Amino acid sequence: MKTSSFVHLLLAAALIVWGGPAVADDGPVVEEILQVLKDRGLVDEDEYQRLAAKNAKYEAEEKNSWMPEIDWSGDFRFRHESWWFDEDDLGGEREDRYRIRYRFRVKGEVKINEWADVVFRLVSGNDDNRSNNKTLGSSVDFDTDDIRLNLVYAKMRAPSNWVPLPEGKAVLELGKVPQPFNWKRTGMKKGKDYMLWDGDVAPEGVTLLLSSKPTERTRLFGTFGYYVIDENSQEKDPHFWGLQVGAHQDFSQDWKFGARVSWFAFRAIDLAFNLRGATGE
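Keep in mind that this is a model prediction, so the values were computed, not measured.

## Focus: the overall build of the chain
When its secondary structure is counted, the chain shows four helices and twelve strands. Across the 281 residues of the chain, 28% fall into the buried class. For the chain, the share of sequence-separated contacts (at least 6 apart) that also reach a separation of at least 24 residues comes to 50%. If you sum the accessible surface of the chain, you get close to 19,400 Å²; carbon and sulfur atoms cover 56% of it.

## Considerations on the side chain of Asn 150
Counting through the fold element by element, Asn 150 comes out in strand β5 (residues 147-157). A distance of 2.5 Å separates the side chain of Asn 150 from the side chain of Arg 121, its partner in a polar contact. In this view, Asn 150 contacts Arg 121, Val 123, Asn 132, Lys 176, Asp 200 and Ala 202; residues no more than four positions away in its chain are not counted.

## Points about helix α2 (residues 29-39)
Within the sequence span of α2, burial applies to Val 30, Ile 33, Leu 34, Val 36 and Leu 37. Considered in projection along α2, the buried side chains sweep an arc of 160° and stay on one side of the axis. At the exit of α2 stands Gly 41, carrying a positive phi of roughly 80°.

## Overview of the pairing of β5
Looking at chain direction, strand β3 (residues 116-124) and β5 are connected through nine bridges and run antiparallel. Residue pairing for β5: Ser 124 is matched across the bridge by Ile 147.

## Topic: unusual backbone geometry
Residues other than glycine seldom take positive phi values, yet Asp 141 does so here, at roughly 55°. Residue position: Asp 141 is located in the loop between β4 (134-135) and β5. One non-glycine residue with positive phi stands out, namely Ala 268, at about 55°. Inspection of the secondary structure assignment puts Ala 268 in the loop between β12 (256-267) and α4 (271-279).

## Here's the deal with the layout of surface pockets
The space that makes up the largest pocket amounts to roughly 1,000 Å³. When contributions to the lining of the largest pocket are tallied by element, the ones reaching two or more residues are β3, β5, β10 (218-228) and α4. Partitioning the lining of the largest pocket into residue classes produces 13 nonpolar, eight polar and ten charged.

## Structural notes on empty space enclosed by the protein
Which parts of space are left empty comes out when a probe the size of a water molecule is rolled across the atoms. In total, this model carries two cavities of 30 Å³ or more according to the counting rule given. For the second largest cavity, the calculated volume is near 30 Å³. In terms of lining, the second largest cavity is formed by Gln 179, Pro 180, Phe 181, Trp 197, Val 201, Pro 203 and Phe 240. Looking at the lining of the second largest cavity, its residues break down into six nonpolar, one polar and no charged.

Criteria and thresholds
Counting restarts for each chain, with residues numbered from 1 along the sequence as it is written. Under the rules for a predicted model, residues below a pLDDT of 70 receive no local features and side-chain atom pairs below 80 are neither given nor counted, while totals for whole chains, interfaces and linings still include all residues. Note that water and hydrogens are dropped before the side-chain values are worked out from all heavy atoms of the structure. Secondary structure elements follow DSSP: runs of H or I no shorter than four residues count as helices, runs of E no shorter than two count as strands, and numbering proceeds from the N terminus. Only protein chains enter the accessibility calculation, which uses a 1.4 Å probe; a residue is then buried when its area is under 20% of its type maximum, exposed when over 50%, and partly exposed in between. The criterion used for residue contact is that any of the two residues' heavy atoms lie within 4.5 Å. Per-residue accessibility takes into account occlusion by the displayed protein chains alone, with areas from the Shrake-Rupley method and a 1.4 Å probe. Identification of polar contacts relies on pairs of N or O atoms within 3.5 Å, with a donor-acceptor requirement for protein atoms, meaning one able to donate a hydrogen and the other able to accept it, and with residues adjacent in sequence counted only if both atoms are side-chain atoms. This arc is taken over the directions from the axis of the helix to the C-beta atoms. One bridge is not enough; two strands pair if DSSP finds at least two bridges between them. Using only the protein atoms, space was sampled on a 1 Å grid; points where a 1.4 Å probe fits but cannot get out form cavities, open sets with protein on both sides within 12 Å along at least five of seven lines form pockets, and lining residues are those with an atom within 4 Å of a point. Grid points are joined across faces, edges and corners, and a volume is the space filled by probe spheres set on the points. Gly is placed with the polar residues, together with every amino acid not listed as nonpolar (Ala, Val, Leu, Ile, Met, Phe, Trp, Tyr, Cys and Pro) or charged (Asp, Glu, Lys and Arg).

Function cannot be inferred from these measures alone, as they are strictly geometric.
This is the structure we're talking about:
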């Protein structure tokens, strides 16, 4: 009998013994069920010891399994877009435009241990770093569409006793990371800063996220980052530094106040970067 079938049999037996639905908390459920079966006389001591040893072996194998635990998530969006024109820039008639687009994303979060994860995300779209949308018909003759690596980074959390702040948290992200600069923050939850950063842009470098909760109604946060814009083998790489600090205060359920300060420094910017900014490409 497979172990999974064995566990299901125990759960079914528990339902029969208890005569009602079983609601389990985060405890050794299988051991408790075995003890109940033994107490009710449904298994003798030898059978109890055999089943308990079998379950302990299964749990040890699961705990030491080399296969990582992966949390999957994703989404799919399909939409129709329309543009209606009266005239073009020269005053002539211009045809209306229609197109159909989709966006597909799959995200995986690999749990390495209590303190570290590896996160990756695959997305549809071409090489436009500001959009994951794919337009139907943009590839001729029903050609295949592209799937790209939109995010891939290590996320490491510091133990709480390493952060000398009240209820302090520190998270280090390394790789192709999510856009870290925010317009609001509750704990470590992120909202995009649309005044400067497109939500689809994923910078490449290192981000340090800090947060603290000095009081029940007060939250502080800080974001520090270094990102490479363009690797250059001939001279210094174009790059930028980012810093953002802020606070959020809840005066009551209806009255809240928040403020933040952001600072960005672009360094070693070259002609190619300036031309991309001028043309939007």
